[in-house]
Amino acid sequence: MLSARNIHKSYQDRVILNGVDVDIAPGQISCVIGPSGTGKTTLLRVLCQLEKEDAGEILVDGEQNTAPWPKVTAVFQSLFLWPHLTLRENIMLPARNHNPQADKDIEGLIKLFEMNHFIDHYPNQSSIGQRQRVALARALILNPKYVLLDEITSALDVEQTARILTKLTHLKERGIGVFLITHHLGFAKRAADQIIFMSDGKVTEQGPPAILQTPTTERLKQFMSLAEIGA
Ligand SMILES: Nc1ncnc2c1ncn2[C@@H]1O[C@H](COP(=O)(O)OP(=O)(O)O)[C@@H](O)[C@H]1O
Ligand SMILES: [Mg+2]
């Protein structure tokens, strides 16, 4: 289990996370939804310790103060691919020192994400959808137990989005815990094992996808009715 316990985080005087508790179970998809500016990305950054919490603790399989990477890896909207390396080299770069089987594992990932026809191209020769799959593969080749994904499909069209989201269910089968910040409520309803609804720096509601149909808090009710308009 990857757990956040009573996390508090402020920037200057502004409280961004105000006592957040979440548990991300291996082999499950946890979808994080909520309005912009409510601390979803900040929580993700604290979970992988790119950002240090002011109070509270992060437990990786029960252990505190361990470096989460590479057991916990993350993919951000800005993909951070090296422009002078091919996509294959971008994937292999972090893997060299951490996964002795990387040469073999990359072949499995190329297959999973259907990357065979473009894997030896450079990032500037590739579409955003292709680069997105590469960033995901780069996070997975470290054989993480948990992957944290921050709105990774927001720059993609509906078909590319569906393709990536479908692949996430394969990660479940591999026993990986997926923490996915997303606007895709349809996917969250269908595929999530757990929904985490954040507003104003807190987890306001949490539970199975059914909470989206029958929210108990006013805040989630309001969010869902607005989301229907945008859907
Ligand atoms: N490094 C930072 N310094 C100052 N403020 C920040 C920083 N990172 C995020 N914030 C602020 O924290 C708030 C929450 O941001 P964020 O976690 O990105 O929310 P979300 O992902 O839910 O949209 C925003 O108002 C944002 O401007
Ligand atoms: Mg965000």
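Since the model is a prediction, treat every value here as computed from it, not as a measurement. (Residues numbered from 1 in each chain as written. Chains lettered and ligands numbered in written order. Predicted model: local features only at pLDDT ≥ 70, side-chain atom pairs only at ≥ 80, totals over all residues. Heavy atoms only, no water.)

Enquirer: Before we move on, can you summarise the packing of helix α2 (residues 87-95) against helix α4 (residues 128-140) with the specific residues and values?
Expert: As a packed pair, α2 and α4 sit with axes 8 Å apart at the nearest point and diverge in direction by 20°. Between α2 and α4, the angle falls in the class roughly parallel. As for how α2 packs across α4, the hand of that crossing is right-handed. Across the interface between the two elements, L87, N90, I91 and P94 of α2 pack against R131, V134, A137 and R138 of α4. Tallied by class, residues from the contact of α2 with α4 come to 5 nonpolar, 1 polar and 2 charged. (Axes fitted to C-alpha atoms, helices over the stretch in contact; angles between N-to-C directions. Helix = DSSP H or I, 4+ residues; strand = E, 2+ residues; numbered from the N terminus. Parallel < 35°, antiparallel > 145°, perpendicular 65-115°, else oblique. Left-handed = near helix turned anticlockwise from the far one by under 90°. Contact = heavy atoms within 4.5 Å. Nonpolar A, V, L, I, M, F, W, Y, C, P; charged D, E, K, R; others polar.)

Enquirer: Quick rundown of the site of ligand 1? Include the residues and the values.
Expert: Surveying the vicinity of ligand 1 reveals the residues Y11, R14, I16, P35, S36, G37, T38, G39, K40, T41 and T42. The backbone of G39 places a nitrogen or oxygen atom 3.1 Å from an oxygen atom of ligand 1. Between T42 and ligand 1, the recorded distance is 2.5 Å, taken from a side-chain N or O atom to an oxygen atom. A total of 560 Å² of accessible area belongs to ligand 1 in isolation, and the protein chains cover 62% of it. Mapped onto the shell around ligand 1, the elements with two or more residues apiece are β2 (14-24) and α1 (40-47). (Near = heavy atom within 4 Å. Polar contact = N/O pair within 3.5 Å; in protein donor to acceptor, adjacent residues only side chain to side chain. Areas by Shrake-Rupley, 256 points an atom, 1.4 Å probe, with all protein chains shown as cover.)

Enquirer: Mind laying out the confidence of the model for the chain, listing which residues take part and the relevant values?
Expert: In this model, the chain carries an average pLDDT of 93, and 99% of its residues clear a pLDDT of 70 or more. When pLDDT is averaged over each helix and strand of the chain, the minimum, 87, is found for helix α8 (residues 218-230) and the maximum, 98, for β2. (pLDDT = per-residue confidence, 0-100.)

Enquirer: Which residues make up the side chain of T42, and what values go with them?
Expert: Tracing the backbone shows T42 in helix α1. Looking at T42, the relative accessible area reads 11%, which means it is buried. Sequence-distant contacts of T42, that is, excluding residues within four places in its chain, are made with K9, Y11, I16 and L17. (Buried < 20%, exposed > 50% of the residue type's maximum accessible area, 1.4 Å probe, protein only.)

Enquirer: Lay out the environment of D120 in plain terms, naming residues and giving numbers.
Expert: Looking at the element boundaries, D120 is found in the loop between α3 (102-112) and α4. Since its relative accessible area comes to 46%, D120 is described here as partly exposed. Along the backbone, D120 and A67 are 53 residues apart, and their C-alpha atoms lie at a distance of 32 Å. Once residues within four sequence positions are removed from consideration, D120 is found in contact with T86 and R88. A polar contact of 2.8 Å, which involves the side chain of D120, links it to the side chain of R88.

Enquirer: Could you give an account of the sheet that holds strand β6 (residues 72-75), naming the residues involved and the relevant values?
Expert: Read from one edge to the other, the open sheet built from 6 strands follows the order β6-β7-β8-β3-β9-β10, with strand pairing classed as mixed. Both outer strands of the open sheet, β6 and β10 (202-207), are each paired with one neighbouring strand and no more. The sheet shows a mean angle of 20° between the axes of neighbouring strands, taken without regard to direction. Here 5 bridges tie strand β7 (residues 146-150) to strand β8 (residues 177-181), and the two strands are oriented parallel to one another. Paired with V147 across the bridge in β8 is V178. Against the sheet, α1 engages β3 (29-33), β6, β7, β8 and β9 (194-199), with an angle of about 150° to β8. Its contacts with the sheet place α4 against β6 and β7, and it is angled at close to 170° to β6. (Pairing = 2+ DSSP bridges.)

Enquirer: Hey, could you go over the sheet that holds β2 for me, with residue numbers and the actual values?
Expert: Spatially, the 4 strands line up as an open sheet ordered β2-β1-β4-β5, and their pairing is antiparallel. The sheet is open, and its two edges are formed by β2 and β5 (63-64), each paired on a single side. Across 5 bridges, strand β1 (residues 2-11) lies against strand β4 (residues 55-60) in antiparallel orientation. Its bridge partner lying in β4, S3 is registered against L59.

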